[in-house]
Amino acid sequence: MIETYSQPSPRSVATGQPIGMKVFMYLLTIFLITQMIGSALFAVYLHRRLDKIEDERNLHEDFVFMKMIQRCNKGEGSLSLLNCEEIRSQFQGFVENIVLSKEKIKENNFEMQKGDQDPQIVAHVISEAGSKTASVLQWAEKGYYTMSNNLVTLENGKQLTVKRQGFYYIYTQVTFCSNREPSRQTPFIASLCLRSAGGSERILLRAANTHSSSKPCGQQSIHLGGVFELQTDASVFVNVTDPSQVSHGTGFTSFGLLKL
């Protein structure tokens, strides 16, 4: 008779970590993360606190220095063995450096602004009695006149010449006696003319006014003005049909220009 014998199967060995170990590792991880965050926040707080203490210390040093200056001015330097003369000299040197720095900055800003701006070119001249037959009017720097700089000149007493290209407002006022003989009732014409650097001439503006037979002489005025681009060394002048009728009193007849 054959007997069979079966052995019990071996127990399986657990390969996972116990639950207690897992909980411990989890808590340890949370603790380390919390520690890192806390350390970072503390470092930021400490840095800001040190900056604030440094500012307070600087302010305190400034306050102490000003107290020292006040005590020196009151003659109390000997009480604290202060060298008041040295302190005064240092303070004066410090103030002078600040003032000089501000003045230098202002001068630099002014020079920069001055260099960025074009020099103002403006002229205003008054009529002057000249030849009664020459059609080009004569002008003079007299009375309330303006001649800003050497970039505009009055040449030969007849024409304004510009030394810089640009846009200019050119104007003139011509006052004349309107009384004429009935046989000579031709209109009085005033022209604002341009002479280029090459010598060519052309009329920019022109206006006419009729005479009257009223006596004594009646005064009438012609106004001309406009904006024109002038080249370098260009000249402008005023031409009239009858210069003998032009009135040269104060404020009657004038001529000028302004660079825009």
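Note that the structure is a prediction, hence the values are computed from the model and not measured.

Undergrad: Which parts of the structure should I look at to understand a nonpolar patch on the surface?
TA: Together, Met21, Phe24, Met25, Leu28, Phe31 and Leu32 make up a nonpolar patch on the protein surface, roughly 580 Å² of accessible area in all. Following the sequence through the fold, Met21 ends up in helix H1 (residues 19-73). Note on Met21: relative accessible area 41%, which makes it partly exposed.

Undergrad: Honestly, the packing of aromatic side chains in this entry has me stumped. Any pointers?
TA: To describe a pair of aromatic rings, one takes the distance between the centres and the angle between the planes. Counted according to the given criterion, the structure contains 3 aromatic pairs. Between Trp139 and Phe255, the ring centres sit 5.2 Å apart and the planes meet at 40 degrees, which makes this aromatic pair tilted. Here Trp139 is found in strand S2 (residues 138-140), whereas its partner Phe255 is found in strand S11 (residues 254-259), with 116 residues between them in sequence. Phe255 matches Trp139 in its accessibility class, with the two residues each being buried. The interplanar angle of 20 degrees and the centroid separation of 5.9 Å between the aromatic rings of Tyr169 and Tyr171 together place this pair among those described as stacked. What makes Tyr169 partly exposed here is its relative accessible area of 34%. Classification of Tyr171 as partly exposed rests on a relative accessible area of 22%.

Undergrad: What is the right way to read the environment of Ala234 from this model?
TA: By secondary structure assignment, the location of Ala234 is in the loop between strand S9 (219-230) and strand S10 (235-240). Along the chain, Ala234 and Gly199 lie 35 residues apart, while their C-alpha atoms are 8.9 Å from each other. The residues touching Ala234, leaving out its near neighbours within four places in the chain, are Leu160, Thr161, Val162, Leu194, Arg195 and Ala197.

Undergrad: Looking at this structure, how should I read the pattern of salt bridges?
TA: The full count for this structure, using the stated rule, is 3 salt bridges. With a shortest N-O distance of 3.9 Å, Lys163 and Glu155 are connected by a salt bridge. The class for Lys163 is partly exposed, based on a relative accessible area of 34%. By relative accessible area, which is 27% here, Glu155 ends up partly exposed. The salt bridge partner of Arg195 is Glu201, with a shortest N-O separation of 2.4 Å. Using a relative accessible area of 48% as the deciding quantity, one classes Glu201 as partly exposed. It is possible to trace a salt-bridge network through shared partners that takes in Glu155, Lys163 and Asp233.

Rules used in this analysis
Here the residue numbers are simple positions, counted from 1 along each chain's written sequence. A pLDDT threshold of at least 70 governs which residues receive local features in this predicted model, and a stricter bar of 80 or more applies before side-chain atom pairs are shown or counted, although totals over entire chains, interfaces and linings include all residues. To get the side-chain values, take all heavy atoms of the structure and skip hydrogens and water. Like charges are joined within 9 Å and nonpolar side chains (Val, Leu, Ile, Met, Phe, Trp, Tyr) within 5 Å, but only among residues with over 30% relative accessible area and no salt bridge; these make up the patches. Using a 1.4 Å probe, the Shrake-Rupley method yields the accessible areas, and only the shown protein chains count as cover for residues. Between Lys or Arg on one side and Asp or Glu on the other, a salt bridge is scored when a side-chain nitrogen of the former is within 4 Å of a carboxyl oxygen of the latter. Starting at the N terminus, helices and strands are each numbered in turn, a helix being any DSSP run of H or I of at least four residues and a strand any DSSP run of E of at least two. Exposure categories follow from relative accessible area, calculated using a 1.4 Å probe and restricted to protein chains: below 20% of the type maximum is buried, above 50% is exposed, and the middle band is partly exposed. Centres within 6.5 Å are what make two rings of Phe, Tyr or Trp a pair, Trp counting through its six-membered ring; a difference in plane orientation under 30 degrees is then read as stacked, over 60 as edge-to-face, and the rest as tilted. Contact definition: two residues touch when any of their heavy atoms are within 4.5 Å.

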